[in-house]
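Take a look at the letters that make up each chain.
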Amino acid sequence: MSKTLIYPGTFDPFTLGHLDLAERACRIADRVVIAVAEHSSKQPLFSLAQRCQLVRDSCAHLRVEVRPFSGLLINLAQEEQADMILRGLRSGTDLDYERPMADLNRRMLPGLEVLFMLPAAELAAISSTLVREIHRLGGNTQPLIPAVVATALANKR
Ligand code: PNS
């Protein structure tokens, strides 16, 4: 039976760690939807449309669909008839943050499977937050992000 996986995130911006997970997702699911969330709290560095386009361009070599979303993740999962949600774990702190969301999402939508994957070890330190900070302070973010994201960030200066 064909399996649909949703890989949700804010992706502000999409990093090499995210790309690593997207590539892994394509190896385990028949259909992969990367769902870009509207930023809940503060003003994002990139608009929702820009973030979607950067994910699309970064994943041009992959068979993925990229779409924006707002509201509850389980509503999107129902709409997309998803079997699984994928989230990346870089550390135990990430697991502490993810576990209640996974538990509640599964409680609200029984049958939904939540998968966690570790990125490649050399990418585990990368986060969008640190990429934004390094960029803001004038550092080199190129080794941390796809080339298309690096170009978009350079244009933000
Ligand atoms: O990249 P992020 O910021 O860690 O992504 C978090 C995201 C967007 C996946 C998470 O906040 C989410 O699923 N938001 C949708 C709202 C929702 O369903 N909230 C209830 C969770 S129990």
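In short, a report on the structure.

Parameters at a glance
Residues numbered from 1 in each chain as written. Predicted model: local features only at pLDDT ≥ 70, side-chain atom pairs only at ≥ 80, totals over all residues. Heavy atoms only, no water. Pairing = 2+ DSSP bridges. Helix = DSSP H or I, 4+ residues; strand = E, 2+ residues; numbered from the N terminus. Right-handed = clockwise from strand over helix to strand, strands pointing away. Core = buried A, V, L, I, M, F, W, Y, C linked by side-chain atoms within 4.5 Å. Buried < 20%, exposed > 50% of the residue type's maximum accessible area, 1.4 Å probe, protein only. Contact = heavy atoms within 4.5 Å. Phe/Tyr/Trp six-rings, centres within 6.5 Å; stacked < 30°, edge-to-face > 60°. Near = heavy atom within 4 Å. Polar contact = N/O pair within 3.5 Å; in protein donor to acceptor, adjacent residues only side chain to side chain. Areas by Shrake-Rupley, 256 points an atom, 1.4 Å probe, with all protein chains shown as cover. Nonpolar A, V, L, I, M, F, W, Y, C, P; charged D, E, K, R; others polar.

What follows is about the pairing of strand β5 (residues 113-117). Pairing of strand β4 (residues 84-88) with β5 involves five bridges; the strand directions are parallel. Across the sheet, the residue bridging to Met84 is Glu113, located in β5. With respect to chirality, the unit in which β4 leads through helix α4 (residues 92-108) into the neighbouring parallel β5 is right-handed.

Let us now look at the nonpolar core. Nonpolar side chains tend to gather and get buried jointly when the protein is soluble and globular. Ile34 and Cys59 are the most contacted members of the largest nonpolar core, which has 33 residues in total. Of all the elements in the fold, those that place two or more residues in this core are β1 (4-9), α1 (16-28), β2 (31-37), α2 (48-58), β3 (64-69), β4 and α6 (147-154). If you tally residues by element for this core, the top one is α1, at five residues. When neighbours within four sequence positions are excluded, Cys59 is seen to be in contact with Phe14, Leu19, Ala22, Ile34 and Val64. Membership of the second largest hydrophobic core comes to 13 residues, among which are Ile6, Ile74, Leu76 and Ala82.

For the rest of this paragraph, the subject is the packing of aromatic side chains. Tallying each qualifying case throughout the model produces two aromatic pairs. When the ring of Tyr7 is compared with that of Phe11, the centres are 5.3 Å apart and the planes differ by 70°; the resulting orientation is edge-to-face. The burial state of Tyr7 is the same as that of Phe11; both residues are buried. Ring centres of Phe11 and Phe14 lie 5.4 Å apart, and the angle between their planes is 65°; this geometry places the pair in the edge-to-face category. Each of the two residues, Phe11 as well as Phe14, counts as buried. Taken together, Tyr7, Phe11 and Phe14 form an aromatic cluster joined through their ring pairs.

Moving on, we come to the site of the ligand. Close to the ligand lie Pro8, Gly9, Thr10, Ala37, Phe69, Gly71, Leu72, Leu73, Arg87, Met101 and Asn105. Here an oxygen atom of the ligand and a side-chain polar atom of Thr10 are 2.5 Å apart. The backbone of Leu73 places a nitrogen or oxygen atom 2.8 Å from an oxygen atom of the ligand. When the free accessible area of the ligand is taken as 560 Å², the share hidden by the protein chains comes to 71%. Of the residues assigned to the shell around the ligand, the class counts are six nonpolar, four polar and one charged.

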